Amino acid sequence: MVRQKYKGVICIVMSAFFFALMSLFVRMSGELPTFQKVFFRNFVALFIAAGSLLKNHTNIEIGGAKNKAALFVRCAAGTAGMLGNFYAIDHMVLSDASMLNKMSPFFVIVFSIIFLKEKLTPFQILTVAGAFIGSLFIIKPSFANVELLPALAGFLGGMGAGLAYTCVRYLGQHGVKGSVIVACFSGFSCIVTLPYLIFFYHSMSIAQVLCLLGAGAAAAGGQFSITAAYTYAPAREISVYDYSQLIFTTTLGFFFFGDIPDGWSFLGYFIIIAMAVLVFVYNNVWHKPQENGQGDAS
């Protein structure tokens, strides 16, 4: 059991590295429209997901109207979240954009209460409020802040990802396979961004194409790694290690772009990670739940 948990930790740290690498490739692809970057990132993911479905002879079974509605919301919210995240990556310090996207687990808690009718505990109120306060130190809401719009986009990107993950949780509980969800999301986002690509296509150099293909491959590596992680250990035991992505994005941002977060951002990082650690300790020490998926929101 302990060995399985260690495997889970290794896989989730690997996924954090892959997603940091994805952010690096997105930024390195240069002055391209966000819609164009999202299309190519998800086109690679669609190709890989479709290959997985064909290889495993998986039938695309979604279920009733509620499942279809949840899948649509997952696709729409996930696409909006990715657009916000990519825009923030292009216009902010890389680690700031990454940390705003890591608000998604706290939004999962909020949306699970709203849509899945899960009960909100005083502890969850504390951690969600704390994480929101931490995000404000990164966003620095002021009209004098030239990064205000990208910061808000990154924050809303985390919100979209949180709603998307809530829907994934619902779909998983109602029998929809993960590979089907990934394939549908990738296809949906490609369809949504394709019109922009057709009418406002920006020509790309070979280096830019390679960067976007690298972003898609890194994202696929992240998805496979995080899926493997949660097969080895429940989310409540290992999800906090996903915040190792901050180390990778800060390091990559510094060496490739000279990014240095300011003191307020570091304070925001500290608060958000502290809230995540509190959730981790609460789930595993103070209030250890049964293995029924209740830890997934952490």
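The structure displayed is predicted, hence computed values, not measured ones.

The rules behind each value
Residues numbered from 1 in each chain as written. Predicted model: local features only at pLDDT ≥ 70, side-chain atom pairs only at ≥ 80, totals over all residues. Heavy atoms only, no water. Helix = DSSP H or I, 4+ residues; strand = E, 2+ residues; numbered from the N terminus. Rg over C-alpha atoms; globule rule 2.2 N^0.38 Å. Buried < 20%, exposed > 50% of the residue type's maximum accessible area, 1.4 Å probe, protein only. Contact = heavy atoms within 4.5 Å. Areas by Shrake-Rupley, 256 points an atom, 1.4 Å probe, with all protein chains shown as cover. Lys, Arg positive; Asp, Glu negative; His and termini not counted. Charge placed at Lys NZ, Arg CZ, Asp CG, Glu CD. Salt bridge = Lys/Arg side-chain N within 4 Å of Asp/Glu carboxyl O. Core = buried A, V, L, I, M, F, W, Y, C linked by side-chain atoms within 4.5 Å. Expected span 1.5 Å × (residues − 1). Phe/Tyr/Trp six-rings, centres within 6.5 Å; stacked < 30°, edge-to-face > 60°. Lys NZ or Arg CZ within 6 Å of the ring centre and 35° of its normal.

Caption draft 1: The arrangement of the overall build of the protein chain in detail. Scanning the protein chain from N- to C-terminus turns up 12 helices and 0 strands. Computed over the C-alpha atoms, the radius of gyration of the protein chain is 18 Å, within 12% of the 19 Å expected from 2.2 N^0.38 for a compact globule of 298 residues. Seen through its C-alpha atoms, the protein chain measures out along the principal axes to roughly 55 × 50 × 35 Å. Relative to its 298 residues, the protein chain shows a buried fraction of 52%. Of the contacts formed within the protein chain by residues at least 6 apart in sequence, a portion of 88% connects residues at least 24 apart. A total accessible area of about 14,600 Å² is found for the protein chain, and carbon and sulfur atoms account for 71% of it. On the protein chain, the mean spot of the 18 positive side-chain charges and the mean spot of the 12 negative ones are 10 Å from each other.

Caption draft 2: Representation of the pattern of salt bridges. This model, assessed by the stated rule, comprises 4 salt bridges. A salt bridge links Lys 37 to Asp 90, with the nearest nitrogen and oxygen atoms 2.8 Å apart. Taken as a pair, Lys 37 in helix 2 (residues 34–55) and Asp 90 in helix 3 (residues 65–91) lie far apart in primary sequence, 53 residues in all. Accessibility assignment for this pair places Lys 37 and Asp 90 in one class, buried. Residue Lys 102 is joined to Asp 242 by a salt bridge in which the shortest nitrogen-to-oxygen separation is 2.6 Å. Separated by 140 residues along the polypeptide, Lys 102 in the loop between helix 4 (94–101) and helix 5 (104–115) and Asp 242 in the loop between helix 10 (235–238) and helix 11 (245–257) bring together distant segments of the chain. Lys 102 gets classed as buried once you look at its relative accessible area, which sits at 10%.

Caption draft 3: Fine view of the nonpolar core. Counting 60 residues, the largest nonpolar core has Met 22, Phe 86, Met 99, Phe 106, Leu 171 and Ile 272 as the members making the most contacts within it. Looking at this core element by element, the count peaks at 9 residues for helix 3.

Caption draft 4: Focus on the environment of Phe 72. The residue Phe 72 is located in helix 3 in this model. Taking the relative accessible area as the measure of exposure, Phe 72 reaches 51% and is therefore exposed. Spatially, the C-alpha atoms of Phe 72 and Val 209 are 29 Å apart, while their sequence positions differ by 137 residues.

Caption draft 5: Layout of the side chain of Thr 58. For Thr 58, the position within the fold is in the loop between helix 2 and helix 3. Sequence-distant contacts of Thr 58, that is, excluding residues within four places in its chain, are made with Leu 53, Lys 177, Ser 179 and Val 180.

Caption draft 6: The arrangement of helix 2 in detail. Here helix 2 spans 32 Å end to end across 22 residues, near enough to the 32 Å set by a 1.5 Å rise per residue. Those residues of helix 2 lying buried are Thr 34, Gln 36, Lys 37, Val 38, Phe 39, Phe 40, Arg 41, Asn 42, Val 44, Ala 45, Ala 49 and Leu 53. Directly beyond the C-terminal end of helix 2, a positive phi value near 55 degrees is found at His 57.

Caption draft 7: A look at the packing of aromatic side chains. One pass over the full model with this rule turns up 17 aromatic pairs. Each ring, one from Phe 123 and one from Tyr 282, has its centre 4.1 Å from the other, and the planes form 10 degrees; the classification is stacked. With a gap of 159 residues between them, Phe 123 in helix 6 (residues 122–139) and Tyr 282 in helix 12 (residues 263–286) connect regions that are remote in the sequence. Pair check on accessibility: Phe 123 and Tyr 282 agree, each one buried. Through pairs of rings, three or more aromatic residues link up here, namely Phe 107, Phe 111, Phe 115, Phe 132 and Phe 155. One cation-aromatic arrangement involves Arg 27 over Phe 257; the distance from NZ or CZ to the ring centre is 4.4 Å. Taking the ring centre of Phe 185 as reference, the NZ or CZ of Arg 74 above it sits at 4.2 Å.

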